[in-house]
Amino acid sequence: MQERTQKQEALLSLLEQKGYPQVLCQEILRYMSTDFMIDRMTAYLRQNAHPTPEEAVDEMLAILEDPKAKARKKGASKIKVNDKAAMQQDKAAANKAATQQDMFIRSFSIDWDKLEDGSYVKEIPALNSLREFQFRKRITFFVGENGSGKSTLLEALAIAKGLNPEGGTRNYNFSTYDDYSTLKSAITFQSGMLKPKWSYFLRAESFYNVASEAARNYNDDGCMTDFHARSHGESFLEFILENDEKGLYFMDEPEAALSPQRQLTLLLHLVKMAEKGSQFIIVTHSPILLGTPDADIVSFDEGELHRISYEETESYQVTKLFLENREVMLRQLLQEETECETDAKI
């Protein structure tokens, strides 16, 4: 193995000081194969206090595409900078590593010994086999049948992050009904390099209480939107759209208050916010929201957490089946209902 030069060692040290994952540091070092490239990358890192991993990757690619860098390369590296397909593949791999490192929650683990005996959470098949979970995308959807544990886990994650069980931020401490699992006490997070400036837990079912709390405690100047003056769906969506800070967001069935058209508006908002660096963990049954591009879909069915494609979700399959065979399905369902009623009378 060839020994590194002093400039390479200095660049590696600078990359590590920025807190980048080791795999990304090594890749950047491998690509910066001449003194000219190393000097350029070193100058960039020194001039910019906190460049994100994605920004560092973009700068690396810009250096590789610089005609001066190509002219001075003289075969020192085997990387074909003119091979656009290879460059895109390299960028995708580096960005994947950077995204995982840059997420607010990279993973979490559950220590089941910390839960009391007899806890109902231990009886949920998809959860009692879960020891560790890693987030891969900035938008993660939890899907599954009712009672499969989706909302139980989402709620526990939000509470473990210090958020109010009924919704809101860390500063919301109201409670109308104290009924949540103790799973949060068994959760340990592995966080990314950055801390969110803003964290929020949003539940459609308790939005009225959250809106009331916001108006009561955070509207001293009277400028806050009166969410109670609008329909539930309109106020719920506006509340989401107004919270556009880069942050960590937990959402429990946000589609419950929204029309299909408004769900498309929310989908667009999710994409834009994720591009800015926000992270979303969402429980949903909506075939519209599940169509969000570059999102991770995690199913709680079949007794364990597992990733599935959009077309594999029950929400997509049942909706598609109904739209394409509406009359047949209705006839079959109504016939089965009639037969059940007849059997009950007998």
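Residues numbered from 1 in each chain as written. Predicted model: local features only at pLDDT ≥ 70, side-chain atom pairs only at ≥ 80, totals over all residues. Heavy atoms only, no water.

**Student:** When you look at the overall build of the chain in this model, what are you seeing that I'm missing?
**Tutor:** Across its full length, the chain holds 13 helices and 9 strands. Taking all 346 residues of the chain together, the buried fraction comes to 46%. Taking the intrachain contacts of the chain between residues at least 6 apart in sequence as the baseline, contacts between residues at least 24 apart amount to 73%. Surface accessibility of the chain: about 19200 Å² in total, with carbon and sulfur atoms responsible for 48%. (Helix = DSSP H or I, 4+ residues; strand = E, 2+ residues; numbered from the N terminus. Buried < 20%, exposed > 50% of the residue type's maximum accessible area, 1.4 Å probe, protein only. Contact = heavy atoms within 4.5 Å. Areas by Shrake-Rupley, 256 points an atom, 1.4 Å probe, with all protein chains shown as cover.)

**Student:** Please explain helix 3 (residues 35–47) as it appears in this structure.
**Tutor:** With 13 residues, helix 3 extends 18 Å from end C-alpha to end C-alpha; this agrees with the ideal 18 Å at 1.5 Å per step. Restricting attention to buried positions, one finds in helix 3 the residues Phe36, Met37, Ile38, Met41, Thr42, Tyr44 and Leu45. (Expected span 1.5 Å × (residues − 1).)

**Student:** What should I look at first to understand the pattern of salt bridges in this one?
**Tutor:** Applying the stated criterion across every chain, the model contains 8 salt bridges. The partner of Glu9 in a salt bridge is Arg4, and the shortest N-O contact between them spans 3.7 Å. In this structure Glu9 comes out as partly exposed when scored by relative accessible area, which is 38%. Look at Arg4 and you get partly exposed, because its relative accessible area is 32%. Residues Lys137 and Asp294 are paired through a salt bridge, measuring 3.2 Å at the closest nitrogen-oxygen approach. (Salt bridge = Lys/Arg side-chain N within 4 Å of Asp/Glu carboxyl O.)

**Student:** Honestly, the packing of helix 2 (residues 22–31) against helix 4 (residues 53–65) in this entry has me stumped. Any pointers?
**Tutor:** For any two helices packed against each other, the geometry is given by the interaxial angle and the distance between the axes. In contact at an axis separation of 11 Å, helix 2 and helix 4 are set at 10 degrees when each is read in the N-to-C sense. Between helix 2 and helix 4, the crossing angle belongs to the class labelled roughly parallel. Facing Leu24, Glu27, Ile28 and Tyr31 of helix 2, the residues of helix 4 in contact are Pro53, Ala56, Val57, Met60 and Leu64. For the contact of helix 2 with helix 4, the class distribution of residues is 8 nonpolar, no polar and 1 charged. (Axes fitted to C-alpha atoms, helices over the stretch in contact; angles between N-to-C directions. Parallel < 35°, antiparallel > 145°, perpendicular 65-115°, else oblique. Nonpolar A, V, L, I, M, F, W, Y, C, P; charged D, E, K, R; others polar.)

**Student:** Where do I start with the packing of helix 1 (residues 6–17) against helix 3 in this structure?
**Tutor:** Look at helix 1 against helix 3: their axes get within 10 Å of each other, and the N-to-C directions meet at 30 degrees. The pairing of helix 1 with helix 3 is recorded here as roughly parallel in orientation. The way helix 1 lies across helix 3 gives a crossing that is left-handed. Between helix 1 and helix 3, the contacting residues are Lys7, Gln8, Leu11, Leu14 and Leu15 on the first element and Asp35, Ile38, Asp39, Met41, Thr42, Leu45 and Arg46 on the second. (Left-handed = near helix turned anticlockwise from the far one by under 90°.)

**Student:** What should I look at first to understand the nonpolar core in this one?
**Tutor:** Burial of nonpolar side chains together is a common tendency in soluble globular proteins. Counting 33 residues, the largest nonpolar core has Phe108, Leu127, Leu153, Leu183, Phe250 and Leu305 as the members making the most contacts within it. Of all the secondary-structure elements, those providing two or more residues to this core are strand 1 (105–110), helix 7 (125–128), helix 8 (150–160), strand 4 (187–191), strand 6 (248–252) and strand 7 (279–283). Element by element, the count of residues in this core is highest for helix 8, at 5 residues. If we skip the residues at most four places from it in the chain, Leu127 touches Trp112, Val121, Gly149, Thr152, Leu153, Leu183, Phe300 and Leu305. The next biggest cluster of nonpolar side chains, apart from the first, holds 26 residues, and it includes Tyr249, Leu267, Ile282 and Leu289. (Core = buried A, V, L, I, M, F, W, Y, C linked by side-chain atoms within 4.5 Å.)

**Student:** Would you mind going over the sheet that holds strand 8 (residues 296–299) with me for this structure?
**Tutor:** Hydrogen bonds between backbone atoms are what pair the strands of a sheet, whose relative direction is either parallel or antiparallel. Taking strand neighbours across the sheet as the criterion, the 6 strands line up as 5-6-7-3-8-9 in an open arrangement whose pairing is mixed. At either margin of the open sheet sits one strand with a lone partner, and together these are strand 5 (199–203) and strand 9 (306–307). Across 2 bridges, the pairing between strand 8 and strand 9 is antiparallel. Directly across from Ser299, in strand 9, lies its bridge partner His306. Contacts from helix 8 reach strand 3 (139–143), strand 5, strand 6 and strand 7 within the one sheet, and its direction differs from that of strand 6 by about 150 degrees. (Pairing = 2+ DSSP bridges.)

**Student:** Would you explain a nonpolar patch on the surface in this entry?
**Tutor:** There is a patch of nonpolar side chains on the surface, built from Phe322, Leu323, Leu330 and Leu334 and spanning about 390 Å² of accessible area. Secondary-structure elements contributing two or more residues to the nonpolar patch are helix 12 (314–324) and helix 13 (326–345). Among the secondary structure elements, Leu334 is positioned in helix 13. Leu334 sits in the exposed class, given a relative accessible area of 57%. (Patch = residues over 30% accessible without salt bridge, like charges linked within 9 Å, V, L, I, M, F, W, Y side chains within 5 Å.)

**Student:** How should I be thinking about helix 8 in this particular structure?
**Tutor:** The α-helix advances 3.6 residues per turn, and as a result positions three or four apart in sequence lie on the same side. Extensive coverage of helix 8 is indicated by the burial of 9 of its 11 residues. In the stretch just after helix 8, Gly162 is the one whose phi turns positive, near 90 degrees.

**Student:** Would you mind going over the confidence of the model for the chain with me for this structure?
**Tutor:** The predicted coordinates of low-pLDDT regions are not to be read in fine detail. Looking at the chain as a whole, the pLDDT averages 80, with 73% of positions reaching at least 70. Long-range and interchain partners of residues 73–82, a stretch whose pLDDT sits below 50, account for 16 contacts in this model, where long-range means more than four residues apart. (pLDDT = per-residue confidence, 0-100.)

**Student:** How should the sheet that holds strand 4 be read in this particular structure?
**Tutor:** The antiparallel open sheet is built from 3 strands, whose spatial order is 2-1-4. The open sheet has two free edges, formed respectively by strand 2 (132–134) and strand 4, since each of these has just one partner strand. Looking at each pair of strands side by side, their axes are set apart by 15 degrees on average, direction ignored. Pairing between strand 1 and strand 2: 3 bridges, direction antiparallel.

**Student:** Looking at this structure, how should I read the side chain of Glu255?
**Tutor:** Residue position: Glu255 is located in the loop between strand 6 and helix 11 (260–275). One buried charged residue, Glu255, forms no salt bridge at all, with the nearest opposite charge on Lys150 at 8.8 Å. Contacts of Glu255, omitting those with residues within four sequence positions, involve Gln263, Val283, Thr284, His285, Ser286 and Leu289. (Lys, Arg positive; Asp, Glu negative; His and termini not counted.)

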